[in-house]
Amino acid sequence: MAITVQVYREVIQIAQVPAKEKSVRWFKTMSWYFLITTEYFLYGESIIYYFTEIVMVDRFLLPFATHHRFISFMLYVLGFVFFVANLKKGQYAFQMAQFCYTHMALLLIVVQSHFIVENILEGLIWFVMPVALVICNDIFAYVCGFFWGRTPLIQLSPKKTVEGFVGGFICTLFLGFIITTILMQFNYIICPVQDLGATAWSNVSCEPKNPVFATVPWQLPSNVVWLLKHILRRDITEVPIAPVQIHSLVMACFASLIAPFGGFFASAVKRAFKIKDFGHSIPGHGGMTDRMDCQFLMGLFAHMYHQSFIKTYNVSVGSILALAINHLTAREQVELLERLQTYLSNQNILDSAMLATSNIGDIIAKAQQNLTY
């Protein structure tokens with residue numbers, strides 16, 4: 001979140017200068033208000049989705065969880081009404097442009113960065129791998145361009161060359177496969193977040209694991225088998241590969257071929273406002289935006305790709321709890337508790353003798369009696 005706020009601040013600061021010159025009131029205040037509202041909505045959605053079993057049982061948080069979207073909408077509407085009420089004659093076009101600029105920043109920065117947070121919650125590998133791929137591509141595109149670059153790639157960035165672009169692509173494919181092979185060995189990296197207090201030294205496990213991390217034998221084509229036999233003097237007909245290693249190649253292609261256009265877009269914004277860098281928060285490298293321009297687009301792609309082709313959808317305690325709280329009456333919830341207790345007792349999961357001596361049955365019966373009246 002800190003990185004998001006810093007990038008948003010740098011981008012909004014660009015438009016703040018002409019707003020001051022034209023004496024546009026409340027532009028800075030409204031920009032930060034819309035940021036807070038957007039963060040409240042997005043992070044609230046994530047907390048409710050990933051930590052339902054915690055939120056739904058808290059007496060204070062429950063109303064905020066069940067009415068989260070309505071609260072978020074009303075917060076946005078208040079900001080919208082305030083903006084319209086402060087439109088000034090003679091500055092309508094400029095204020096509308098500033099309003100659109102703010103929402104563009106929210107969409108391209110805040111919304112995209114939120115998906116990066118969700119990638120972390122799905123498993124650190126879906127954060128570390130895309131970030132590493134973009135960094136690898138930046139480094140090797142620069143190295144290849146420095147030594148062999150001759151042909152300009154795009155007018156927006158005169159120093160970018162076709163040779164660097166292609167060289168970065170090839171190196172990123174190779175390194176992406178290696179990085180993923182290393183990362184998939186650690187449960188702490190591949191398991192979805194279940195405990196925010198977990199560390200790399202915690203005994204993290206997630207059974208059953210997502211099948212993409214299971215290594216399976218892949219049959220090699222006959223011409224490849226023939227080639228390996230003549231080179232290595234051995235018959236190699238299959239190799240062990242996990243599906244996630246193949247997925248990493250797809251992500252490497254995006255990181256090399258598409259994500260750089262996020263940087264080109266940022267270059268276009270800087271040229272439009274006649275500035276060299278977005279800020280000076282990183283000495284020698286400009287602002288945080290100058291380092292994160294490709295990462296936001298890559299993070300969004302990683303999220304969409306993971307949701308579409310990788311994620312497995314399993315019933316969780318949180319989803320069942322949300323259904324029970326949102327769709328059952330209080331009496332039905334007590335009845336569910338009683339039946340669940342009976343089932344667990346019959347399966348010898350709960351000790352029947354201990355249940356008989358405890359007063360939990362009396363508590364349930366008393367609750368049912370109170371709800372009847």
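Residues numbered from 1 in each chain as written. Predicted model: local features only at pLDDT ≥ 70, side-chain atom pairs only at ≥ 80, totals over all residues. Heavy atoms only, no water.

**Considering the overall build of the protein**
Here comes step 1: Regarding its fold elements, the protein presents 17 helices and four strands.
Here comes step 2: A globule of 373 residues ought to have a C-alpha radius of gyration of about 21 Å, yet the protein, at 27 Å, is considerably larger.
Here comes step 3: If you line up the protein on its principal axes, its C-alpha atoms span 85 × 80 × 30 Å.
Here comes step 4: A burial count over the protein gives 37% of its 373 residues as buried.
Here comes step 5: Within the protein, contacts between residues separated by at least 24 positions form 70% of all contacts whose residues are at least 6 apart in sequence.
Here comes step 6: When the accessible surface of the protein is split by element, carbon and sulfur atoms take 67% of a total near 22,700 Å².
Here comes step 7: Positive and negative side-chain charges of the protein, numbering 25 and 22 respectively, have mean locations separated by a distance of 15 Å. (Helix = DSSP H or I, 4+ residues; strand = E, 2+ residues; numbered from the N terminus. Rg over C-alpha atoms; globule rule 2.2 N^0.38 Å. Buried < 20%, exposed > 50% of the residue type's maximum accessible area, 1.4 Å probe, protein only. Contact = heavy atoms within 4.5 Å. Areas by Shrake-Rupley, 256 points an atom, 1.4 Å probe, with all protein chains shown as cover. Lys, Arg positive; Asp, Glu negative; His and termini not counted. Charge placed at Lys NZ, Arg CZ, Asp CG, Glu CD.)

**Focus on the side chain of E122**
Here comes step 1: Within the secondary structure, E122 is located in helix α6 (residues 92-122).
Here comes step 2: Given the relative accessible area of 9%, E122 is considered buried.
Here comes step 3: Looking at E122, its side chain comes within polar contact range of the side chain of K311, at 2.9 Å.
Here comes step 4: Ignoring any residue separated from it by four or fewer positions in sequence, one finds E122 in contact with Y50, I190, C191, P192, H306, Q307 and K311. (Polar contact = N/O pair within 3.5 Å; in protein donor to acceptor, adjacent residues only side chain to side chain.)

**Remarks on the pattern of salt bridges**
Here comes step 1: By the definition in use, this model includes four salt bridges.
Here comes step 2: Close ionic contact of E122 with K311 constitutes a salt bridge, the shortest N to O distance being 2.9 Å. With E122 in helix α6 and K311 in the loop between α13 (288-310) and α14 (317-327), this pair connects stretches of sequence that are 189 residues apart. (Salt bridge = Lys/Arg side-chain N within 4 Å of Asp/Glu carboxyl O.)

**Concerning helix α11 (residues 243-257)**
Here comes step 1: For α11, built from 15 residues, the straight-helix expectation of 21 Å at 1.5 Å per residue is met to within 8% by its first-to-last C-alpha distance of 22 Å.
Here comes step 2: Among the residues making up α11, those that are buried are V244, Q245, H247, S248, M251, A252, F254, A255 and S256.
Here comes step 3: Contact partners of the buried residues in α11: α7 (125-148), α8 (162-183), β4 (238-241), α12 (260-272) and α13. (Expected span 1.5 Å × (residues − 1).)

**Focus on the nonpolar core**
Here comes step 1: The biggest cluster of nonpolar side chains holds 27 residues, and the ones touching the most others in it are I125, W126, F213, M251 and M298.
Here comes step 2: Of all elements in the fold, only α7, α9 (187-190), α11 and α13 reach the threshold of two or more residues within this core.
Here comes step 3: No other element matches the six residues that α13 contributes to this core.
Here comes step 4: Ranked by size, the runner-up nonpolar core spans 26 residues in total, among them V7, F34, V269 and F278. (Core = buried A, V, L, I, M, F, W, Y, C linked by side-chain atoms within 4.5 Å.)

**Some details on the packing of α7 against α13**
A pair of packed helices can be characterised by two numbers: the angle between their axes and the separation between those axes.
Here comes step 1: Remark: α7 packs on α13, axes separated minimally by 10 Å, with the N-to-C direction vectors making an angle of 135 degrees. The angle between the axes of α7 and α13 places the two elements in the oblique class. Relative to α13, the crossing made by α7 is right-handed. Along the contact surface, α7 presents W126, P130, V131, L133, V134 and I135, while α13 presents C294, Q295, M298, A302, H306 and I310. (Axes fitted to C-alpha atoms, helices over the stretch in contact; angles between N-to-C directions. Parallel < 35°, antiparallel > 145°, perpendicular 65-115°, else oblique. Left-handed = near helix turned anticlockwise from the far one by under 90°.)

**Concerning a nonpolar patch on the surface**
Here comes step 1: Where nonpolar side chains cluster on the molecular surface, the patch consists of I135, I139, Y142, V143, F146, F147 and W148 and spans about 800 Å² of accessible area.
Here comes step 2: Take F146: its relative accessible area is 58%, and that puts it in the exposed class. (Patch = residues over 30% accessible without salt bridge, like charges linked within 9 Å, V, L, I, M, F, W, Y side chains within 5 Å.)

**Thoughts on the packing of α7 against α11**
Here comes step 1: At a minimum axis distance of 9 Å, the contact between α7 and α11 shows a crossing angle of 45 degrees. Classified by the interaxial angle, the pair formed by α7 and α11 is oblique. The hand of the α7/α11 crossing is right-handed. When α7 is examined against α11, the residues W126, M129, P130, L133, V134 and N137 are found in contact with a partner set consisting of V244, S248, M251, A252, A255 and S256.

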